[in-house]
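Analysis of the macromolecular model
Residues per chain are reported as follows:
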Amino acid sequence: MEGVDHLAHERNKSEFDVDAMKIVWAGSPHAFDVSDRISKLVASDPGFRKDNRSTLSRKELFKNTLRKAAYAWKTIVDLRLSEEEAAKLRFYVDEPAFTDLHWGMFIPAIKGQGTEEQQQKWLPLAYKMQIIGCYAQTELGHGSNVQGLETTATFDPQTDEFIIHSPTLTSSKWWPGGLGKVATHAIAYARLIVGGREHGVNGFIVQLRSLEDHSPLLGITVGDIGMKFGNGAYNTMDNGVLRFDHVRIPRNQMLMRVSQVTCEGKYKQSDVPRQLVYGTMVYVRQTIVADASCALSRAVCIATRYSAVRRQFGSQNGGPETQVIDYKTQQSRLFPLLASAYAFRFIGEWLKWLYADVTQRLQANDFSTLPEAHACTAGLKSLTTTATADGIEECRKLCGGHGYLCSSGLPELFAVYVPACTYEGDNTVLLLQVARFLMKTVSQLGSSKKPVGTIAYMTRVEHLMQCRCGVQRGFAELSVDLVEAAVAHCQLIVVSKFIEKLQQEIPGKGVKQQLEVLCNIYALFLLHKHQGDFLSTGCITPKHAALANDELRSLYSQVRPNAIALVDAFNYTDHYLGSILGCYDGNVYPKLYEAAWKDPLNESVVPDGYHQYIRPLLKQEIRTARL
Ligand SMILES: CCCCCCCCCCCCCCCCCCCCCCCCCC(=O)SCCNC(=O)CCNC(=O)[C@H](O)C(C)(C)COP(=O)(O)OP(=O)(O)OC[C@H]1O[C@@H](n2cnc3c(N)ncnc32)[C@H](O)[C@@H]1OP(=O)(O)O
Ligand SMILES: Cc1cc2nc3c(=O)[nH]c(=O)nc-3n(C[C@H](O)[C@H](O)[C@H](O)COP(=O)(O)OP(=O)(O)OC[C@H]3O[C@@H](n4cnc5c(N)ncnc54)[C@H](O)[C@@H]3O)c2cc1C
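Predicted model only: the values in this text are computed from it and were never measured.

With respect to the overall build of the chain
- Per the secondary structure count, the chain includes 21 helices and 11 strands.
- A globule of 627 residues ought to have a C-alpha radius of gyration of about 25 Å, and the chain, at 27 Å, matches this closely.
- Here the C-alpha coordinates of the chain stretch approximately 90 × 75 × 65 Å along the principal axes.
- The buried share of the chain, taken over its 627 residues, is 50%.
- By sequence separation, contacts in the chain at least 24 residues apart represent 73% of the contacts at least 6 residues apart.
- Split by element, the accessible area of the chain, about 30,200 Å² in all, is 58% carbon and sulfur.
- The positive charge centre, built from 67 side chains, and the negative charge centre, built from 64, are 2 Å apart in the chain.

In structure tokens form, the structure reads like this:
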């Protein structure tokens, strides 16, 4: 029945202060207030409706996204929302759109790679959305290998301009979000050529479309690359294709914080590492880690609530059947994901701090922590997105058949989320970067340069390296093992930062205890999953392994009575969850039944096509095959 909380009996079992945990999850009382207020604002505004997405055609879907973007922007301006509130609004509107790349990459690229003068010129236009930007780096032929990009930017000293050109089909820009139909400008990455000499890949601000009638400018061919995985999902985004035919831009539209070209045609590399050209990717990778905890917690919230509602088998003398959340197999699949959601939340908080710290140091030309920041953002982006994509799929399976319905919210969540394993850096390519960083650290062991920060533990491997200084096979030959070592390195960071979090003052009855249980589940689940490595390297004995498994089972029993309260702490509205299985009141079956009849296919009792195709079959008007 409506208004009845079918999960009240579960909520009454909670052994901790849920409201205090909501603050921990949000990050602070202020962050909770902003998040709570904005999520309710979005949920209560029909302008942000999203339950019809799977029934729209691509063109209707895209037009609806443009409408929402404009409506959201109007909401931000009318309500004078802060940047923090606007970011929360974008989060709860929950729709990939061109604005993600405008605010999430185009603006950060200008802030990170533009000179003061260039920032003063372009940022006010971008902040007011008087221009709409995209980040055009990837090409048809190259994405991972940035140094392999083929687009050229040739300096013409006669006219003090760069000529941007796509020399080959594979140099066509391909994938940039917002590019296909909306962006008026791009940060285009191209090979800089001055006086016949190449100077690597740099960023250039290029106008693509007229600000009068939105038509592509001379020399610009631009469009959408077509439908992507899933129906609604990421098809609200116009990932585009772009070709340049000798497009001329003023010299001052090359982003010149890292390298400069003078009007005389002199190339200068300033005293900052050329990798700062990659700075925007580092920024987005750290936001993607925070996003991972959001996406995983959303899937876990749905699967946990439904696992408490769903009963199957186990009825004693006509009594109620067993809640599937009470099956040990369901717990062993679900609770590590619940623990991961919290683990990723805290690692996301730490990575945000690390990124802010490295940004501050860069402003003082201190590049000492840049390698570690690159390795951490790359590795943790890879680790958390892989675990989250796999976790969302596991949550779908934990919901049985109903998990496969669009109304469960899980298929679309999966379809929108999985490209995170590829964009902003293919996850394997990024782990190879971490492996390179680890190998470089190992090569420096024994020197005066002591490993610090997240690699401080490697001093302990020093003796191993000395006694094992035998054959050094090629990096490529060992890359599979090195990628596994990179994952282990990142997992160590996640566990250690979770433990550090628990050293902080955490208010609220029972809150810290619950987090300790989740931290132990996260760590022991990893130990269980990688038991072979721990045993084969002599890190643990078989007895330790058995003890760990026993402890894991005991921890699942401890978390069981608190499971619903732990997902309530995410404070997600039913609107944001977009899931009948995950609805707060647990009133699943009536809502599933009601939703079915709303499907357009049920608008008519007799389906279109019956008279044309089925009736002749049934009436044998079609010659029957010899069966
Ligand atoms: C409707 C609602 C509306 C609401 C509206 C409301 C309004 C809203 C208002 C406000 C809302 C706000 C919204 C915000 C949204 C945010 C979300 C955004 C969403 C994002 C979506 C998705 C976007 C996806 C975008 C993309 O996908 S964008 C493209 C991504 N593409 C890649 O990621 C390429 C990967 N490949 C490489 O990154 C390189 O290729 C490679 C492999 C490193 C080799 O690079 P290479 O140059 O070859 O270097 P190496 O030789 O390997 O290394 C040489 C030496 O440099 C070192 N080093 C390499 N790197 C780096 C590096 N970085 N940094 C430092 N060092 C580095 C390396 O350690 C080595 O050091 P050493 O060992 O020498 O000491
Ligand atoms: C939804 C979506 C949105 C995107 N948005 C943008 C955007 O806004 N702007 C933009 O510029 N780009 C964007 N991209 C492009 C994205 O950044 C690239 O697709 C991504 O960096 C992966 O590069 P790739 O496609 O070249 O993969 P590839 O590198 O071709 O990967 C193919 C396979 O090769 C393997 N591989 C590659 N190199 C190595 C190596 N050295 N060693 C071992 N294995 C290797 C990979 O692990 C992978 O298994 C987007 C992509 C998607 C899917």
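Past the structure itself, the notes keep going.
Some points on the UniProt feature "domain: Acyl-CoA oxidase C-alpha1" (unreviewed entry) in the chain
- The residues that UniProt annotates with the feature "domain: Acyl-CoA oxidase C-alpha1" (unreviewed entry) are residues 278-439.
- Along residues 278-439, the helical share is 72% and the strand share 0%, with 21 Å between the first and last C-alpha atoms.

Details of the packing of helix 9 (residues 328-363) against helix 15 (residues 511-529)
- Look at helix 9 against helix 15: their axes get within 8 Å of each other, and the N-to-C directions meet at 110°. Classified by the angle between their axes, helix 9 and helix 15 sit roughly perpendicular to one another. Side by side, helix 9 and helix 15 meet where S332, F335, P336, L338, A339, S340, Y342, A343, F344 and F346 of the first sit next to L515, L518, I521, Y522 and F525 of the second.
- Tallied by class, residues from the contact of helix 9 with helix 15 come to 13 nonpolar, 2 polar and no charged.

Section: the site of ligand 1
- Close to ligand 1 lie 36 residues, the nearest being S144, Y278, E424, R436 and K440.
- Note that a nitrogen atom of ligand 1 is positioned 3.4 Å from one of the side-chain N or O atoms of Q137.
- Relative to its free-state accessible area of 1,600 Å², ligand 1 is covered by the protein chains to the extent of 85%.
- Listing elements by their share of the shell around ligand 1, those giving two or more residues are helix 4 (58-78), helix 5 (83-93), helix 6 (98-113), helix 8 (279-309), helix 10 (370-398) and helix 12 (427-444).

A look at a nonpolar patch on the surface
- A surface patch of nonpolar side chains, amounting to about 420 Å² of accessible area, comprises Y613, I614, L617 and L618.
- Mapped onto the elements, L617 comes out in helix 21 (residues 610-618).
- The exposure class assigned to L617 is partly exposed, which follows from its relative accessible area of 46%.

Quick notes on the UniProt feature "binding site: FAD" (unreviewed entry) in the chain
- Within the UniProt annotation, "binding site: FAD" (unreviewed entry) is assigned to T138 and G177. Of the residues just listed, which span 40 residues, no C-alpha pair is farther apart than 10.5 Å, and they cluster in one region.
- Exposure remark for T138: the relative accessible area of 25% places this residue in the partly exposed category.
- Setting aside residues no more than four positions away along its own chain, T138 makes contact with G143, S172, K173, W174, W175 and P176.
- The residue G177 is located in the loop between strand 4 (173-174) and strand 5 (185-194) in this model.
- Contact partners of G177, with chain neighbours within four places excluded, come to L101, C134, M237, D238 and N239.

Some points on the confidence of the model for the chain
- Mean pLDDT over the chain: 94, with 96% of residues reaching 70 or higher.
- Below a pLDDT of 50 lies the segment residues 464-472, which in the model reaches 3 contacts outside its immediate sequence neighbourhood of four places, other chains included.
- For this predicted complex, the interface confidence score (ipTM) comes to 0.97, while the overall pTM stands at 0.95.

Some thoughts on the environment of T115
- Mapped onto the fold, T115 is located in the loop between helix 6 and helix 7 (116-127).
- Separated by 192 residues in sequence, T115 and S307 have C-alpha atoms that sit 54 Å apart.
- Those residues in contact with T115 that sit more than four places away from it in its chain are M256 and R257.

Some points on a positive patch on the surface
- Together, R274, R436, K440 and K449 make up a positively charged patch on the protein surface.
- Given the relative accessible area of 42%, R274 is considered partly exposed.

A word on the sheet that holds strand 7 (residues 220-224)
- Strands sit in the order 4-8-7 across an open sheet of 3 strands; the sheet is antiparallel. The strands lining the two open edges of the sheet, one partner per strand, are strand 4 and strand 7.
- In this structure, strand 7 lies alongside strand 8 (residues 240-244), joined through 5 bridges in antiparallel fashion. When the sheet's bridge partners are listed, G223 is paired in strand 8 with V241.

Definitions and limits used
- Residue numbers run consecutively from 1 along every chain, following the written order of its sequence.
- The lettering of chains begins at A and the numbering of ligands begins at 1, in the order of writing.
- Residues qualify for local features only when their pLDDT is at least 70, as the model is predicted, and side-chain atom pairs are given and counted only at 80 or more; totals for whole chains, interfaces and linings, by contrast, use all residues.
- As a rule here, side-chain values cover all heavy atoms of the structure and leave hydrogens and water aside.
- Put simply, DSSP marks the helices as runs of H or I at least four residues long and the strands as runs of E at least two long, and each gets a number from the N terminus on.
- Each radius of gyration is computed over the set of C-alpha atoms, and the globule rule expresses the reference value as 2.2 Å times the number of residues to the power 0.38.
- Residue burial is assigned from relative accessible area. The probe radius is 1.4 Å, only protein chains are included, and a residue is buried under 20% of its type maximum, exposed over 50%, and partly exposed in between.
- The contact rule is simple, with two residues in contact once any of their heavy atoms fall within 4.5 Å.
- Throughout, the Shrake-Rupley method with a 1.4 Å probe supplies accessible areas, and for residues the shown protein chains are the sole cover considered.
- Charge assignment: positive for Lys and Arg, negative for Asp and Glu; neither His nor the chain ends contribute.
- Charge placement uses NZ in Lys and CZ in Arg. For Asp and Glu, CG and CD serve respectively.
- UniProt positions are given in the numbering used here, feature names are shortened, and annotations may be inferred rather than shown by experiment.
- Note on geometry: axes are C-alpha line fits, over the in-contact stretch for helices, and angles between N-to-C directions span 0 to 180 degrees.
- Here the word oblique covers every angle except those under 35 degrees (roughly parallel), over 145 (roughly antiparallel) and from 65 to 115 (roughly perpendicular).
- Note on residue classes: Ala, Val, Leu, Ile, Met, Phe, Trp, Tyr, Cys and Pro are nonpolar, Asp, Glu, Lys and Arg are charged, and everything else, Gly too, is polar.
- Think of it this way: one heavy atom of a residue within 4 Å of a molecule or strand is enough to make that residue near it.
- Think of a polar contact as two N or O atoms within 3.5 Å of one another; within protein, one of them needs to be a possible hydrogen donor and the other a possible acceptor, and neighboring residues in sequence only count if both atoms come from side chains.
- Two joining distances apply to patches: 9 Å for like charges and 5 Å for nonpolar side chains (Val, Leu, Ile, Met, Phe, Trp, Tyr), and every residue must have over 30% relative accessible area and no salt bridge.
- What makes a salt bridge here is a side-chain nitrogen of Lys or Arg within 4 Å of a carboxyl oxygen of Asp or Glu, nothing more.
- pLDDT is a residue-level measure of predictor confidence that goes from 0 to 100.
- In this analysis, strands are considered paired if DSSP registers two or more bridges between them.

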